[in-house]
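Observations on the model geometry
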Amino acid sequence: MRRTRRGGSPHIPKTFKIEISDRHVKARIIAAVVFLVISAVSLGYGVSVLTGTDKGWQFISFSGDGAEYAASFALTYELGVTDKLARNENREIRRIYSEACLKAGRAFDAYAVSPGNIRALNEAPNEVVELDSVLYDALALLEQYGNRTVYLGPAFRFYENVFSCTEDWQLEDFDPESNEELGALFDRIAAYARDPDSVRVELLGENRARLHVSEEYQAFLAYEELGGALDFGWMKNAFITDYIADSLTSAGYTRGSVASYDGYTRNMDDGSGTMYSLNIFDCMDGAAAVVARLDYQGAMTFVSYRDFPISAMDSQRIYVTADGERKTLYLSLEDGLPCAAADSLTVYSDTLGCAETMLLSMPVFQQEKISVDDLTYLTDCGGLAVLAGDRKLFVTDSKVVLNSLYDGYEVEYTGSGTVPE
């Protein structure tokens with residue numbers, strides 16, 4: 001499904017040039033170790049060789065209860081660059097990482113019974129609830145950006161059933177695009193989600209909030225057996241990635257990167273001068289391919305949207321039918337159906353976290369087609385974009401360095417060009 005975002009963006013020239021460089025090769029080879037692990041979250045290899053307490057880049061494992069909350073993430077860190085023993089540094093970083101995963105994971109878990117989490121808020125409509133600070137801050141950020149996608153909660157939870165299907169015929173029971181009756185149900189959920197008189201969160205300060213739900217909407221949810229009104233859906237890991245990164249940096253640990261399998265990355269290194277790399281994916285003839293490598297220095301945030309799988313883990317969020325149709329959890333407030341404007345869009349910022357970068361770029365990704373003005377809008381807001389498609393990469397920042405552009409049989413990616421209208 002492709003739909004058009006309301007509103008427009010400022011006009012800018014249509015051509016963007018990209019610097020293609022092979023400088024700093026040695027630095028990139030060294031730094032690439034960290035991104036082997038980040039890729040391992042999605043591609044399932046390379047983790048075992050990096051686990052340990054020696055100096056250098058290491059995979060930091062989760063410890064304690066709640067390991068399921070860390071399953072979507074990978075943390076890598078360069079140990080031994082301070083006067084601390086690498087073993088002791090690893091132990092402290094692992095403790096902070098594990099506590100952050102557990103705290104944030106529980107806060108956004110719509111199913112687990114936990115004080116102050118999203119389930120607790122859902123189960124107390126029109127009552128004041130003291131929330132976990134992680135959840136409260138996330139809701140405040142959504143309010144700041146005027147984003148109501150969280151109110152698609154009933155649709156997000158129902159649509160998760162699509163990813164449990166193993167045969168296309170099973171989609172009829174869960175897919176609103178395959179079932180007209182379900183399509184009407186999702187459209188009605190979206191209508192409620194857009195309406196502040198039907199559902200809204202009132203933030204009261206000191207982590208207290210009230211979820212206002214109208215009697216009509218409560219009756220609808222009860223009749224359809226849809227559960228609570230709120231769920232962060234595919235947005236959740238953006239907030240969790242930020243919380244993990246912020247927990248580490250506030251403790252003075254910045255020589256590392258945290259990434260989720262579904263496209264959120266925070267590199268925290270703001271001073272070493274190391275050259276880092278991030279793979280840019282595109283969908284080629286129905287299959288994922290690394291079509292370029294983005295090289296950069298300094299602390300950086302990446303939000304990578306894609307509507308195609310790159311690993312088995314993506315079966316939790318992307319379903320591909322026998323004829324190649326892809327179904328994703330990128331549900332739209334317009335009608336509750338999946339909506340994506342491109343196969344692949346990577347947005348990055350050196351000033352914003354994953355959640356803000358995502359909230360800025362969501363309107364661009366969830367529409368009919370991405371235009372020049374859309375990419376300019378991202379640049380003006382402090383986020384820069386790499387759009388992959390049509391065997392080209394369109395980039396909004398002339399300072400970006402792209403390397404290893406894909407050149408295969410009858411396929412060649414170029415690093416400069418005119419953004420498609």
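See the structure above.
The structure displayed is predicted, hence computed values, not measured ones.

All right, on to the sheet that holds strand β2 (residues 56-60) then. A sheet is described by the order of its strands in space; here eight strands give the open sequence β2-β3-β7-β8-β11-β14-β15-β16, paired in antiparallel fashion. Either end of the sheet is taken by a strand with one partner, and the two such strands are β2 and β16 (392-395). Across this sheet, the average inter-strand angle for adjacent strands is 15 degrees, counted without regard to direction. Both strand β3 (residues 73-79) and strand β7 (residues 256-260) contribute to a ladder of five bridges, which runs antiparallel.

To continue, consider the environment of Val201. Relative to the elements of secondary structure, Val201 occurs in strand β5 (residues 199-205). Residues Val201 and Arg148 lie 53 residues apart in sequence; the distance between their C-alpha atoms is 9.9 Å. Setting aside anything within four residues of it in sequence, one finds Val201 in contact with Leu121, Leu139, Glu143, Tyr151, Ala209, Arg210, Leu211 and Leu230.

Attention shifts here to the sheet that holds strand β10 (residues 287-297). Read from one edge of the open sheet, three strands run β9-β10-β17, paired in antiparallel fashion. A single partner strand is all that each edge strand has here, and the edge strands are β9 (275-284) and β17 (401-403). Sheet twist, expressed as the mean angle between neighbouring strand axes with direction ignored, is 35 degrees.

Here we come to unusual backbone geometry. Even without being a glycine, Glu225 presents a positive backbone phi close to 55 degrees. Of note, Glu225 is situated in the loop between α7 (215-224) and α8 (236-250). Here Glu225 falls in the exposed class, since its relative accessible area comes to 72%. Backbone geometry places Asp285, a non-glycine residue, at a positive phi of 55 degrees. Mapped onto the fold, Asp285 is located in the loop between β9 and β10.

Let's shift gears to the nonpolar core. Ranked by size, the top nonpolar core spans 94 residues in total, and within it Phe232, Trp234, Phe239, Tyr305 and Met358 carry the most contacts. Ranked by residue count, the leading element in this core is helix α2 (residues 86-107), at eight residues. In this structure, Leu384, Ala388, Val411 and Tyr413 belong to the second largest nonpolar core, which totals 22 residues.

Turning to the packing of α2 against α8, a few remarks are in order. Contact geometry for α2 and α8: axes closest at 9 Å, N-to-C directions at 145 degrees. Considering how the two elements wind past one another, α2 and α8 form a crossing that is right-handed. Residues Ile93, Ile96, Tyr97, Ala100, Cys101, Lys103, Ala104 and Gly105 of α2 pack against Ile240, Tyr243, Ile244, Ser247 and Leu248 of α8. Here the contact of α2 with α8 is built from residues that sort into ten nonpolar, two polar and one charged.

Further remarks concern helix α10 (residues 372-380). Of the positions making up α10, those classed as buried are Val372, Asp374, Leu375, Thr376 and Leu378. On the buried face of α10, the contacting elements are β14 (344-349), α9 (354-365) and β15 (384-389). With its phi angle positive at about 95 degrees, Gly382 sits one or two positions after the end of α10.

Next up on the list: the packing of α2 against helix α4 (residues 133-145). The description of two helices packed together rests on the angle between their axes and the distance between the axes. Two elements in contact, α2 and α4, have axes whose closest approach is 8 Å; the angle formed by their N-to-C orientations is 60 degrees. It follows from the interaxial angle that α2 and α4 lie oblique. α2 and α4 meet at a crossing whose hand is right-handed. Contact residues: Lys103, Ala104 and Ala107 in α2; Ser133, Val134 and Leu135 in α4.

As a further point, take the packing of aromatic side chains. Counted according to the given criterion, the structure contains 20 aromatic pairs. One aromatic cluster is present, built from ring pairs that chain together Trp57, Tyr276, Tyr296, Phe302 and Tyr348.

Moving on, we come to the pairing of strand β8 (residues 264-267). Covered by surrounding structure in β8 are Tyr264 and Arg266 together with Thr265 and Asn267, the residues of both alternating faces. Summarising the sheet, β7 and β8 pair through three bridges and their orientation is antiparallel. Opposite Ser257, over in β8, you have Asn267 as the bridge partner. Taking the residues between adjacent antiparallel strands as the criterion, β7 and β8 are bridged by three residues, where Gly263 takes a positive phi near 115 degrees. Alignment of β8 against strand β11 (residues 300-306), held across four bridges, turns out to be antiparallel. Looking across to β11, one finds that Arg266 is bridged to Thr301.

In this section: the pattern of salt bridges. Taken as a whole, this structure holds 18 salt bridges when the rule is applied. Its salt-bridge partner being Arg95, residue Glu99 comes within 3.1 Å of it at the nearest N-O pair. Of this pair, Glu99 and Arg95 both sit in helix α2, four residues apart, which is roughly one turn of that helix. Using a relative accessible area of 46% as the deciding quantity, one classes Glu99 as partly exposed. Accessibility expressed as a relative area gives 37% for Arg95, which makes it partly exposed. When salt bridges with common partners are traced through the structure, they connect Asp175, Glu177, Glu325 and Lys327 into a single cluster.

The residue Gln366 is located in the loop between α9 and α10 in this model. There is a polar contact of 2.9 Å between the side chain of Gln366 and the backbone oxygen of Tyr330. Side-chain polar atoms of Gln366 contact the backbone oxygen of Leu331, separated by 3.2 Å.

Reading the values: the criteria
Residues numbered from 1 in each chain as written. Predicted model: local features only at pLDDT ≥ 70, side-chain atom pairs only at ≥ 80, totals over all residues. Heavy atoms only, no water. Pairing = 2+ DSSP bridges. Helix = DSSP H or I, 4+ residues; strand = E, 2+ residues; numbered from the N terminus. Axes fitted to C-alpha atoms, helices over the stretch in contact; angles between N-to-C directions. Contact = heavy atoms within 4.5 Å. Buried < 20%, exposed > 50% of the residue type's maximum accessible area, 1.4 Å probe, protein only. Core = buried A, V, L, I, M, F, W, Y, C linked by side-chain atoms within 4.5 Å. Left-handed = near helix turned anticlockwise from the far one by under 90°. Nonpolar A, V, L, I, M, F, W, Y, C, P; charged D, E, K, R; others polar. Parallel < 35°, antiparallel > 145°, perpendicular 65-115°, else oblique. Phe/Tyr/Trp six-rings, centres within 6.5 Å; stacked < 30°, edge-to-face > 60°. Salt bridge = Lys/Arg side-chain N within 4 Å of Asp/Glu carboxyl O. Polar contact = N/O pair within 3.5 Å; in protein donor to acceptor, adjacent residues only side chain to side chain.

Purely spatial values, then, with no claim about function.
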